[in-house]
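Topology and contacts: notes
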Amino acid sequence: MSRIGKMPVVIPKGVDIKIESLNDGGSSVTVKGPKGTLNQIMHKDMAIKIEGGEVLVTRPSEKKEHKSLHGLTRALINNMVVGVTDGFTKELDMVGVGWRAQKQGNSVVFNIGFSHPVTVNEEPGITIDIPAQNKILISGPDKQRVGQIAAEIRSLRLLKRDPYPSGSGFKYSNERIRRKAGKAGKK
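So, a few notes on the structure that sits alongside this text. Residue indices begin from 1 for each chain and proceed along its sequence in written order. The predicted origin of the model limits local features to residues at a pLDDT of at least 70 and limits the giving and counting of side-chain atom pairs to 80 or more, whereas totals for whole chains, interfaces and linings rest on all residues. Side-chain numbers come from the whole structure's heavy atoms, not from hydrogens or water.

**Considering the sheet that holds strand 12 (residues 135–140)**
- The pairing criterion for strands is at least two bridges between them, as found by DSSP. Counting from the N terminus, the helices are DSSP H or I runs at least four residues long and the strands are E runs at least two residues long. In spatial order, the strands read 11-12-7-13; together these four strands make up an open sheet with antiparallel pairing. Two strands bound the open sheet, and with one partner strand each, they are strand 11 (127–129) and strand 13 (169–172). Each adjacent strand pair in this sheet contributes to an overall mean axis angle of 25°, direction not counted.
- Where strand 7 (residues 88–95) lies against strand 13, four bridges are found, and the strand directions are antiparallel. If you follow valine 95 over to strand 13, its bridge partner there is glycine 169.
- Set on the sheet, helix 2 (residues 143–154) makes contact with strand 7, strand 11, strand 12 and strand 13; between it and strand 7 the angle comes to about 5°. Whenever a helix is involved, its axis is fitted only over the stretch in contact; in every case the axis is a line through C-alpha atoms, and angles between N-to-C directions fall within 0 to 180 degrees. We call two residues in contact whenever any of their non-hydrogen atoms come within 4.5 Å of each other.

In structure tokens, the structure reads:
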């Protein structure tokens, strides 16, 4: 039995889950909560049902594919429930001399050493905040979209894996880059 897949997903108060069968045998799971509504189409082999305030996922056989899909399906449903109740956040650090980011309406304008400013637009349901001069917060209910937008911003100027402290770019706040001491001055 899958360690992840066999665990039930507890439905908190204020969250509504609807499971609909599709024509191809799959199922569509819709999760509605205080932070928004998320919808995901699940694989046709996974059986999803709601019993006693919990969502249970079962698999038809012990095949490797079904074992993989069992844990994946349960994790996707759990992430949707967590997303509509608490939401997800990614924090990026901007490292660079003279680099700036400023919010203008529903977009963020980055001045990151190019000859032109770079504009990143917010998507519906996803917010990009600039709490400090070198911090960027991306938040929203959909874990996949929050991570994707954070990765796209990070790819604008990726902080190189340069071991010397001369690099500039974007990095995740919890990311550690090992540094070496620079060259000593001539005597």
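Resuming the write-up.
**Focus: the environment of glycine 125**
- In this structure, glycine 125 sits in the loop between strand 10 (118–121) and strand 11.
- As a C-alpha pair, glycine 125 and serine 139 span 14 residues in sequence and 8.6 Å in three-dimensional space.

**Section: the sheet that holds strand 2 (residues 16–21)**
- Taking strand neighbours across the sheet as the criterion, the three strands line up as 2-3-4 in an open arrangement whose pairing is antiparallel. Edge positions in the sheet fall to strand 2 and strand 4 (36–42), since each of these pairs with one other strand and no more. Each adjacent strand pair in this sheet contributes to an overall mean axis angle of 15°, direction not counted.
- In this structure, strand 2 lies alongside strand 3 (residues 27–33), joined through six bridges in antiparallel fashion. Across the sheet, aspartate 16 pairs through a bridge with lysine 32, a residue of strand 3.
- Lying on the sheet, helix 1 (residues 64–85) is in contact with strand 2, strand 3 and strand 4; it crosses strand 4 at an angle near 170°.

**Quick look at the environment of glycine 96**
- With respect to the helices, strands and loops of the structure, glycine 96 is situated in the loop between strand 7 and strand 8 (100–104).
- Once the C-alpha coordinates of glycine 96 and isoleucine 112 are considered, the two residues, 16 residues apart in sequence, prove to be 7.5 Å apart.

**Examining the nonpolar core**
- The biggest cluster of nonpolar side chains holds 19 residues, and the ones touching the most others in it are Met94, Phe110, Ile128, Ile136, Ile138, Ile153 and Phe170.
- Elements represented by at least two residues in this core include exactly strand 7, strand 9 (107–111), strand 10, strand 12, helix 2 and strand 13.
- Ranked by residues supplied to this core, first place goes to helix 2 with four residues.
- As used here, the term nonpolar core means buried Ala, Val, Leu, Ile, Met, Phe, Trp, Tyr and Cys residues forming a set that is joined through side-chain atoms within 4.5 Å. Accessibility here uses a 1.4 Å probe with only protein chains present; expressed as a share of the type maximum, an area under 20% marks a residue as buried, one over 50% as exposed, and anything in between as partly exposed. If you look at the next biggest cluster of nonpolar residues, it comprises 17 residues, including Ile11, Met42, Ile48 and Met80.

**A short note on the layout of surface pockets**
- Using a grid of 1 Å spacing that covers the protein atoms alone, one calls a set of points a cavity when a 1.4 Å probe fits there but cannot get out, and a pocket when the set is open and has protein on both sides within 12 Å along at least five of seven lines; lining residues are those with an atom within 4 Å of a point. Grid points are joined across faces, edges and corners, and a volume is the space filled by probe spheres set on the points. Space inside the largest pocket adds up to approximately 180 Å³.
- Residue lining of the largest pocket: Leu38, Asn39, Gln40, Leu76, Asn79, Met80, Phe88, Pro141, Asp142, Lys143 and Gln144, and that is the complete set.
- Of all the secondary-structure elements, those providing two or more residues to the lining of the largest pocket are strand 4, helix 1 and helix 2.
- Asp, Glu, Lys and Arg are counted as charged, while Ala, Val, Leu, Ile, Met, Phe, Trp, Tyr, Cys and Pro are counted as nonpolar; the rest, among them Gly, fall into the polar class. Of the residues contributing to the lining of the largest pocket, the split by class is five nonpolar, four polar and two charged.

**A short note on the pattern of salt bridges**
- We define a salt bridge as a side-chain nitrogen of Lys or Arg found within 4 Å of a carboxyl oxygen belonging to Asp or Glu. One pass over the full model with this rule turns up nine salt bridges.
- With a shortest N-O distance of 2.8 Å, aspartate 93 and lysine 135 are connected by a salt bridge. Separated by 42 residues along the polypeptide, aspartate 93 in strand 7 and lysine 135 in strand 12 bring together distant segments of the chain.
- On the basis of relative accessible area, aspartate 93 is assigned to the buried category, the value being 11%.
- Aspartate 129 is the salt-bridge partner of lysine 103, the closest N and O atoms lying 3.9 Å from each other. Of this pair, lysine 103 sits in strand 8 while aspartate 129 sits in strand 11, placing them 26 residues apart in sequence.
- A relative accessible area of 35% places lysine 103 in the partly exposed class.
- When salt bridges with common partners are traced through the structure, they connect Glu91, Asp93, Lys135 and Lys171 into a single cluster.

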